[in-house]
Amino acid sequence: MKEFTYTVKDVNGMHARPAGKLATFAKRFSSEIRVKNGAREADGKRLLSLMALGALHGSVLTFSFVGADEEEACRELERFCIEAWGDGVAVNEY
Amino acid sequence: MNIEKQSSRMFRGVGIGNGCACGVLRFWESQVIQAPVLPEASRGEDAETLRLQQALRVTGEHLHHLREKTARELGDAEAEIFEIHAMLLEDEDFLDGLAHRLHTGCTAEDAVRQTASTFGETLRGIGDAYLSARAKDIEDIAAQLLHALSEKGTERSESVFDGMPNGTEPYILVARDLTPSQTMGLEREHLLGFVTMEGSSNSHTAILARAMGLPALVGVGDLDAAMQGCEALLDAREGTLTVCPTSAQKHAFCERQGRESELAREHERYLRSLINKPAITCGGHRMLIYANVSGAEEALSAYRNGADGIGLLRSELLYLSSERLPTEEELYQSYRDVVDRMGGKRVVIRTLDVGADKQLSYLALPKEENPALGFRGIRVSLEERAIFKTQLRALLRAGAHGSISIMLPMVIGVSEVQRSRAVLEECKQELLREGIGCDERIELGVMIETPAAAVMSAELAAEVDFFSVGTNDLLQYTLAADRQNPRVAALCEENEEPVLRLIGYAAESIHRHGGWIGICGEMAADLSLTQRFVDMKIDELSVSVPYLLGVREKVTECK
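Residues numbered from 1 in each chain as written. Chains lettered and ligands numbered in written order. Predicted model: local features only at pLDDT ≥ 70, side-chain atom pairs only at ≥ 80, totals over all residues. Heavy atoms only, no water.

Points about the overall build of chain A
Cut-off, in case you're wondering: Numbering of helices and strands runs from the N terminus, with a helix taken as a DSSP run of H or I at least four residues long and a strand as a DSSP run of E at least two residues long. The rule is simple: take the accessible area with a 1.4 Å probe, protein chains only, and divide by the maximum for that residue type; under 20% is buried, over 50% is exposed, in between is partly exposed. The contact definition used throughout considers only heavy atoms, calling two residues in contact when any of these lie within 4.5 Å.
Within chain A, the regular secondary structure consists of three helices and four strands. Relative to its full complement of 94 residues, chain A shows a buried share of 56%. Contacts in chain A between residues far apart in sequence, at least 24 positions, make up 72% of those at least 6 positions apart.

Structural data, given as structure tokens:
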């Protein structure tokens, strides 16, 4: 099992667009991917599940990976969060 | 239609945009999801599954169509709504929910209603405004699925929704709420604006209204359908709807309204038409309009807004956000991501530009009294050779897949360039020996952001392929004034001439050597300086994404 934590920098939190991208990206890996936000937990490959985490700006998320490609998945998803998620722009967007 | 002489009534809501409209009210009842639920008999799980699959397919196609239409008419950002909808339609939890209910004997319709209802509640239950607005997305999709399941929906039709008011009189649409697909389905020729009784500024309606340039008012509360056909004034700026206005109210309103909104809309349309049009001045000087970005996301946005290339990719993002040094592979991937999105257009990447004030946790640069005048930029790279090589190798490799130009920050003299070039050569030779593809003829340039670089530009021009002027820093160093210091910030604004002359001199130097020069600091977006830059024959202006089209327009107006 591999893990990393990520603090949401996006001022809009986990809105639909990053959730969608995250889910799509996570699907590449065979490992099981779970994301925790406090007491809530989500399947990292499912959009609605991720959105229902209610992750806001500053939320600390814990990503955990179990499976054959858990190392790669962990590394790649962390990179994804850092690069592709970013700060977001504080307007009404996805 | 019985229109009595009613007294003027005013309603308040959240205005979207600053426009206004004067017209008659037309109420619209959305029939689909409010339809009474008649008890229906299931046709059997297999049959219902088939019906649902068909409905999912048809709806998916419709969403695709809406996405294309919206992208064409309004832009990619607005079209994303439908991409989200398509994703929700394919979400496993949603599909599992549907399958489960079909298995327990529901009709396809009931399965859709119940599943949508559950998910909607879950999202609303979190208590976040944004997520509650997304609950509406689920409703929208459910409505489309239900329509596809109904008899009307089995035909292929352009306008999925009936009940649209007809008539050639310009009108203001009133609805309880509008979903994105309904909003995009609206015929816009006679539509002046719309009002929804529910909804928030967080909603799709709001986003699309802004993009369409139509004034709108959301969340006004219940409106009596008896007001159908009444004249009304919609003022988005004030957030009011005035029904049956007095002549005095009308007069004041129409005067204000007349010119404002039409001009704004025209200008917006004109700007969008400029995307991908070359920026050529009246005198025939062609300028490239590039974008300053920090990553692949922004690069894509830049591309969509017609950027001719990337004039500055700040490479620090990956370094700053990491707990440890990024590997060559990670750097290579991130540069590839940007290059891939730019479709072969030039991407100028600035090498690592950090210092005591822009720290990397793992480099531990010692605290300095004067970080702006300290150990930063190229100085760090030349000392931290391993880090520099890793970055250069990644750039050389990514360059094989597109057009990358390497730019060195904080340069003050020729020796820095020569030393950097030596390291670059070393990396190139290594990669060739290792049999790894790289761009052997990658461009190398420097930022002109120190007075020294500007003054020595003749000598520097002989060593590089291009210059890019970082006007923010150049201004500060030249005027010896800190832009962030409120006591002297005004000096920066009032004394641009010395910097402009330095830029002019640098431009002459590089042009004499057959190179090119761009400007990537804030001055590039300053429209009052564009003509001056044209006169200097600056080859490229690089601005942040929101300014791309405005600068392009300005250049075409220059002499």
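Here's the deal with the overall build of chain B
Heads up, the condition is: Computed by Shrake-Rupley with a 1.4 Å probe, the accessible areas treat only the displayed protein chains as cover when residues are assessed.
Counting its regular elements, chain B contains 21 helices and 17 strands. By residue count, 51% of the 559 residues in chain B fall in the buried class. Residue pairs in contact within chain B that sit at least 24 positions apart in sequence constitute 67% of those at least 6 positions apart. Of the accessible surface of chain B, which amounts to about 25200 Å², a share of 50% is contributed by carbon and sulfur atoms.

Things to note about the sheet that holds strand 2 (residues 32-37) of chain A
Residues and elements named next belong to chain A. So the rule is basically this: When DSSP finds two or more bridges between two strands, those strands count as paired. Each axis is a line fitted through C-alpha atoms, taken for helices only over the stretch in contact, and angles between the N-to-C directions span 0 to 180 degrees.
One open sheet holds the four strands; their spatial order is 1-4-2-3, and the pairing between them is antiparallel. Edge strands, defined here as strands with exactly one partner in the open sheet, are strand 1 (2-7) and strand 3 (40-43). Averaged over neighbouring strand pairs, the angle between their axes works out to 20° when direction is ignored. Looking at chain direction, strand 2 and strand 4 (residues 60-66) are connected through six bridges and run antiparallel.

Observations regarding the interface of chain B and chain A
Counted only if it meets this: Throughout, the accessible surface (probe 1.4 Å) given up by two parts as they are put together, summed over both, is called the buried area. A pairing counts as a salt bridge when a side-chain nitrogen of Lys or Arg comes within 4 Å of a carboxyl oxygen of Asp or Glu.
Listed by partner, the interface residues are 32 residues for chain B and 25 residues for chain A. Around 2500 Å² of area is buried between chain B and chain A when both sides are counted, 61% of it from carbon and sulfur atoms. For the pair chain B and chain A, the interface holds four salt bridges. Salt-bridge contacts for Arg-46 of chain A lead to Asp-96 of chain B; the nearest nitrogen and oxygen are separated by 3.3 Å.

Focus on the side chain of Arg-393 of chain B
Considering the arrangement of structural elements, one finds Arg-393 of chain B in helix 13 (residues 385-399). If we skip the residues at most four places from it in the chain, Arg-393 of chain B touches Glu-328, Cys-427, Glu-430, Leu-431, Glu-434 and Ile-436 of chain B.

Comments concerning empty space enclosed by the protein
Worth spelling out the cut-off: Grid points spaced at 1 Å and placed over the protein atoms alone form the basis of the search, with a cavity being a set where a 1.4 Å probe fits but cannot get out and a pocket an open set showing protein on both sides within 12 Å along at least five of seven lines. Lining residues have an atom within 4 Å of a point. Grid points are joined across faces, edges and corners, and a volume is the space filled by probe spheres set on the points.
Going through the model one piece at a time under the given rule, you end up with two cavities of 30 Å³ or more. Quantified by volume, the second largest cavity comes out at close to 40 Å³. Lining of the second largest cavity is provided by Asn-12, Met-14, His-15, Met-51, Gly-54, Ala-55 and Leu-56 of chain A together with Asp-128, Tyr-130 and Leu-131 of chain B.

Concerning the layout of surface pockets
All names here are of chain B. Keep this limit in mind: The classification used treats Ala, Val, Leu, Ile, Met, Phe, Trp, Tyr, Cys and Pro as nonpolar, Asp, Glu, Lys and Arg as charged, and all other residues, Gly among them, as polar.
In this structure, the second largest pocket spans a volume of roughly 770 Å³. Only strand 11 (309-314), helix 17 (471-479) and strand 17 (540-543) provide two or more residues apiece to the lining of the second largest pocket. For the lining of the second largest pocket, the element with the highest residue contribution is helix 17, accounting for five residues. Its residues assigned to classes, the lining of the second largest pocket shows 11 nonpolar, 10 polar and 11 charged.

What about the packing of helix 11 (residues 328-341) of chain B against helix 13 of chain B?
All names here are of chain B. Stated formally: Angles are sorted into four bins: roughly parallel if under 35 degrees, roughly antiparallel if over 145, roughly perpendicular if 65 to 115, and oblique for all others. Throughout, a crossing is termed right-handed when the near helix is turned clockwise from the far one, and left-handed when it is turned anticlockwise from it by less than a right angle.
It is the contact of helix 11 with helix 13, at a shortest axis distance of 8 Å, that shows an interaxial angle of 40°. As summarised for this structure, helix 11 and helix 13 are arranged oblique, according to the angle between their axes. Where helix 11 crosses over helix 13, the handedness of that crossing is right-handed. On helix 13, the residues touching Glu-328, Glu-329, Leu-331, Tyr-332, Tyr-335 and Arg-336 of helix 11 are Thr-390, Gln-391, Arg-393, Ala-394, Leu-395, Arg-397 and Ala-398. Residue classes in the contact of helix 11 with helix 13 are distributed as six nonpolar, two polar and five charged.

Observations regarding the sheet that holds strand 1 (residues 9-12) of chain B
Residues and elements named next belong to chain B. Read from one edge of the open sheet, eight strands run 1-8-7-3-4-5-6-2, paired in mixed fashion. If you trace the sheet from one side to the other, it starts and ends with strand 1 and strand 2 (14-16), each paired once. The sheet shows a mean angle of 30° between the axes of neighbouring strands, direction not considered. Pairing between strand 1 and strand 8 (residues 240-243): four bridges, direction antiparallel. Looking at strand 8, one finds that Met-10 is bridged to Thr-242.

Describing the pairing of strand 12 (residues 346-350) of chain B
Residues and elements named next belong to chain B. Counting buried positions along strand 12 yields four of five residues, so the element is predominantly enclosed. As paired elements, strand 12 and strand 13 (residues 403-408) share five bridges and run parallel to each other. Counterpart to Arg-350 in the pairing with strand 13 is Met-407.

Some thoughts on the confidence of the model for chain A
Using the following cut-off: The pLDDT value expresses, per residue, how confident the predictor is, ranging between 0 and 100.
Averaged over chain A, the pLDDT score is 84; the fraction of residues at 70 or greater is 90%. Counted against residues more than four places away or in other chains, residues 88-94 of chain A, with its pLDDT under 50, gives 25 contacts.

What about the packing of aromatic side chains?
The condition is simple: Put simply, two rings from Phe, Tyr or Trp (the six-membered ring, in Trp's case) pair if the centres are within 6.5 Å, and we call them stacked under 30 degrees between planes, edge-to-face over 60, tilted for the rest. Our definition puts a charge over a ring when NZ of Lys or CZ of Arg is within 6 Å of the ring centre and also within 35 degrees of the ring normal.
Going through the model one piece at a time under the given rule, you end up with six aromatic pairs over all chains. Taking the centre distance of 6.1 Å and the plane angle of 55° together, the rings of Phe-94 of chain B and Phe-119 of chain B count as tilted. Here Phe-94 of chain B, found in helix 3 (residues 92-103), pairs with Phe-119 of chain B, found in helix 4 (residues 108-125); they are 25 residues apart in sequence, far enough to count as distant. Linked through ring pairs, Phe-4, Phe-63 and Phe-65 of chain A together constitute an aromatic cluster. Its guanidinium or amino end placed over the ring of Tyr-332 of chain B, Arg-397 of chain B lies 4.1 Å from that ring's centre, counting from NZ or CZ.

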